Amino acid sequence: MTDAVRRWAGGPAANDDLPAFVYDLGALREHAAGIRAALAGGPEILYAAKANPDARILAAVAPYVDGIEVASGGELAHVRSALPQTRLAFGGPGKTDAELALAVREAERVHVESPYELTRLADLRTDVDVLLRVNLAGDRRGVALAMSGPFGMDPDAIEECREILARAPWVRLRGVHAHLASGLDADAMLRQSAEILQWARPWLDKAGCTDAPEVNLGGGMAVDYSDPSRRFDWATYGSEVASMAQPGETLRIEPGRAVSVYAGWYVTRVLDVKKAHGQWYAVLQGGTHHIRTPATKNHDQPFTVLPQGGNGPSVGEAPVTLVGQLCTPKDVFARDIRVSHLAVGDVVAFAMAGAYAWNISHHDFLMHPKPGFHYLDGPS
Ligand SMILES: *Cc1c(COP(=O)(O)O)cnc(C)c1O
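Bear in mind the structure is a predicted one, so any value in this text is a computation, not a measurement.

Novice: Just checking my understanding: could you explain the UniProt feature "domain: Orn/DAP/Arg decarboxylase 2 N-terminal" (unreviewed entry) in the protein chain for this structure?
Specialist: Feature annotation in UniProt places "domain: Orn/DAP/Arg decarboxylase 2 N-terminal" (unreviewed entry) on residues 28–259, given in this structure's numbering. The span residues 28–259 shows a helical share of 41% and a strand share of 17%, and its end C-alpha atoms are spaced 8 Å apart.

Novice: How do you make sense of the site of the ligand when you look at a structure like this?
Specialist: Near the ligand you find 14 residues, and of these Lys50, Gly220, Glu254, Arg257 and Tyr356 are the closest. At a separation of 2.9 Å, an oxygen atom of the ligand approaches a polar backbone atom of Gly256. One of the side-chain N or O atoms of Tyr356 is found 2.6 Å from an oxygen atom in the ligand. When the ligand sits alone it has 390 Å² of accessible area, and the protein chains cover 92% of it. The pocket occupied by the ligand, as judged from atoms lying within 2 Å of grid points, is the largest pocket.

Novice: How do you make sense of empty space enclosed by the protein when you look at a structure like this?
Specialist: The gaps left among the atoms become clear once a water-sized probe is rolled over them. Taken as a whole, this structure holds two cavities of 30 Å³ or more when the rule is applied. Here the largest cavity is characterised by a volume of approximately 40 Å³. Residue lining of the largest cavity: Leu46, Arg87, Leu88, Ala89, Glu108, Arg109 and Arg252, and that is the complete set. Residue composition of the lining of the largest cavity, grouped by class: three nonpolar, no polar and four charged. Roughly 30 Å³ of internal volume is contained in the second largest cavity. Around the second largest cavity sit Ala32, Ile35, Ile45, Val61, Tyr64, Val65 and Val259, which together line it. Grouping the amino acids of the lining of the second largest cavity by side-chain chemistry returns seven nonpolar, no polar and no charged.

Novice: I tried to follow the UniProt feature "active site" (unreviewed entry) in the protein chain on my own but got confused; where do I start?
Specialist: As recorded in UniProt, the sites labelled "active site" (unreviewed entry) are Cys327. In this structure, Cys327 sits in the loop between β15 (314–323) and β16 (332–343). Take Cys327: its relative accessible area is 67%, and that puts it in the exposed class.

Novice: Just to check I follow, could you spell out a negative patch on the surface for this structure?
Specialist: Taken together, Asp185, Asp187, Asp233 and Glu240 make up a surface patch of like negative charges. Structurally, the position occupied by Asp233 is in the loop between β10 (214–216) and α10 (234–244).

Novice: Could you clarify how one ought to interpret the sheet that holds strand β6 (residues 128–133) in this entry?
Specialist: Within a sheet, neighbouring strands are paired by backbone hydrogen bonds and run either parallel or antiparallel to one another. Taken in spatial order, the eight strands of this closed barrel run β2-β3-β4-β5-β6-β8-β10-β11, and their pairing is parallel. Across the sheet, the axes of successive neighbouring strands diverge by a mean angle of 30°, strand direction being ignored. Here two bridges tie strand β4 (residues 88–90) to strand β5 (residues 109–112), and the two strands are oriented parallel to one another. Among the inter-strand pairings, Ala89 is bridged to a residue of β5, identified as Arg109.

Novice: Sorry, what's going on with the packing of aromatic side chains here?
Specialist: Here the distance between the centres and the angle between the planes together describe a pair of aromatic rings. All chains considered together, the criterion is met by 13 aromatic pairs. Taken together, the aromatic side chains of Phe21, Tyr23, Tyr266, Phe303, Phe333, Phe350, Trp358, Phe373 and Tyr375 make up a single cluster linked through ring pairs. When the ring centre of Tyr262 is taken as reference, the NZ or CZ atom of Arg231 above it lies at 3.6 Å.

Novice: Looking at this structure, how should I read the pairing of strand β3 (residues 67–70)?
Specialist: Regular strands have side chains that alternate between both faces of the sheet. The alternating pattern of β3 places Gly67 and Glu69 and Ile68 and Val70 on opposite faces, both of which are buried. Pairing of strand β2 (residues 44–48) with β3 involves three bridges; the strand directions are parallel. Bridging across to β3, Ala48 finds its partner in Glu69. You can see the chain leave β2, run along helix α4 (residues 55–61) and come back into β3, and the turn it takes is right-handed.

Novice: Where do I start with the domain arrangement of the protein chain in this structure?
Specialist: In many analyses, interface size is given as the accessible surface area lost on bringing the parts together. One can read the domain layout of the protein chain as domain 1 (3–21 + 262–376) and domain 2 (87–255). Centre-to-centre separation of domain 1 and domain 2, based on C-alpha positions: 37 Å. Tallying the contact residues gives eight residues for domain 1 and seven residues for domain 2. With both sides pooled, the region where domain 1 packs onto domain 2 buries about 680 Å², and carbon together with sulfur makes up 70% of that total. Of all residues in domain 1, Tyr262, Lys297 and Met352 give up the largest surface area on contact with domain 2, accounting jointly for 71% of the area buried on that side. There are zero salt bridges connecting domain 1 and domain 2. Here domain 1 is connected to domain 2 by zero residue pairs in polar contact (both at pLDDT 80 or more). Its residues assigned to classes, the side of domain 1 that touches domain 2 comprises three nonpolar, three polar and two charged.

The rules we used
- Residues numbered from 1 in each chain as written.
- Predicted model: local features only at pLDDT ≥ 70, side-chain atom pairs only at ≥ 80, totals over all residues.
- Heavy atoms only, no water.
- UniProt positions renumbered as here; feature names shortened; annotations may be inferred.
- Helix = DSSP H or I, 4+ residues; strand = E, 2+ residues; numbered from the N terminus.
- Near = heavy atom within 4 Å.
- Polar contact = N/O pair within 3.5 Å; in protein donor to acceptor, adjacent residues only side chain to side chain.
- Areas by Shrake-Rupley, 256 points an atom, 1.4 Å probe, with all protein chains shown as cover.
- 1 Å grid on protein atoms, 1.4 Å probe; cavity = no way out; pocket = protein on both sides within 12 Å on 5 of 7 lines; lining within 4 Å.
- Sits in = over half its atoms within 2 Å of the grid points.
- Points joined across faces, edges and corners; volume = space filled by probe spheres on them.
- Nonpolar A, V, L, I, M, F, W, Y, C, P; charged D, E, K, R; others polar.
- Buried < 20%, exposed > 50% of the residue type's maximum accessible area, 1.4 Å probe, protein only.
- Patch = residues over 30% accessible without salt bridge, like charges linked within 9 Å, V, L, I, M, F, W, Y side chains within 5 Å.
- Salt bridge = Lys/Arg side-chain N within 4 Å of Asp/Glu carboxyl O.
- Lys, Arg positive; Asp, Glu negative; His and termini not counted.
- Charge placed at Lys NZ, Arg CZ, Asp CG, Glu CD.
- Pairing = 2+ DSSP bridges.
- Axes fitted to C-alpha atoms, helices over the stretch in contact; angles between N-to-C directions.
- Phe/Tyr/Trp six-rings, centres within 6.5 Å; stacked < 30°, edge-to-face > 60°.
- Lys NZ or Arg CZ within 6 Å of the ring centre and 35° of its normal.
- Right-handed = clockwise from strand over helix to strand, strands pointing away.
- Domains from an automatic or database assignment.
- Contact = heavy atoms within 4.5 Å.
- Buried area = accessible area lost by both parts, 1.4 Å probe.

Here's what the structure looks like:
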């Protein structure tokens, strides 16, 4: 936990306003600046808004990235108003007519998901710069999530695009986009980047895209929820991927999770401690309707206990399962974690809550109050 978050969570501000998401914007800036420095001279960076589109997060990240990747009309409108000047790339499956029209107006690049989508884009008869999203069949063993199935086009389907492009010169092919998996460490990401380039270069040649071709290598840089201090090796990835680029070629990446996840904490308080059938439980205020991450990823959300408890029930030197207020056995933050002491009234701060946390959760289930949101903007 950063000092700033520890001070906040242990101080009077926390008393009346738990559960709360607490963002350390100083720590976020420092982390993003580190990524930027590691990639100096390397690929362009777009931040994937879907990881956490909070306006304050976007503003903190913006100086260290080349633009924002959005995946819906809603994200596009939101990011456009939060960061009026930023470069936007619009991707995502299942774009509506309204979204395509918006993308053509507002996005610097549109990532095309299918031949039919390209046809609909061409029918707008408006200048637009596109990357075609390819879905390669390579071996994705060991990744957290393989983006196989409906995303992008396989190498057969993408062939159909050449004819559509030939009939619609206002649709300018600028390159290839690929987001194939998430949860890759630097070595795996480098292998995957090489795989994408090996496919993309001859295909772009064949398609006549030879003037400053672009390859977007996607996001999916690994984060380790079992060890928040073990971070993606940006320095290795940055220097090696930079050496892969050919003259005149623009490489680009679009990470989300690995950028913002470390900047957020979900801070709450223990309401009850009890034993059932030999198993200790701590019931916390809030739950997975605020931070669905541990339920979706089926992991233990890392946490720190700030002792503040009084005379209520407690547990010591035993494995305890931390649950929320929802009436479902799936409302679990962390399972069977050994704690030295945990008491009613203690504050618990869950780390790695800065991405795919609040914004992927089912907020209205059981009609509990919404959490507070706090942005710490001093030194971390
Ligand atoms: C979700 C997504 C990303 C970001 O993935 P992370 O795992 O958050 O880095 C990037 N590109 C596309 C197309 C995505 O769908």
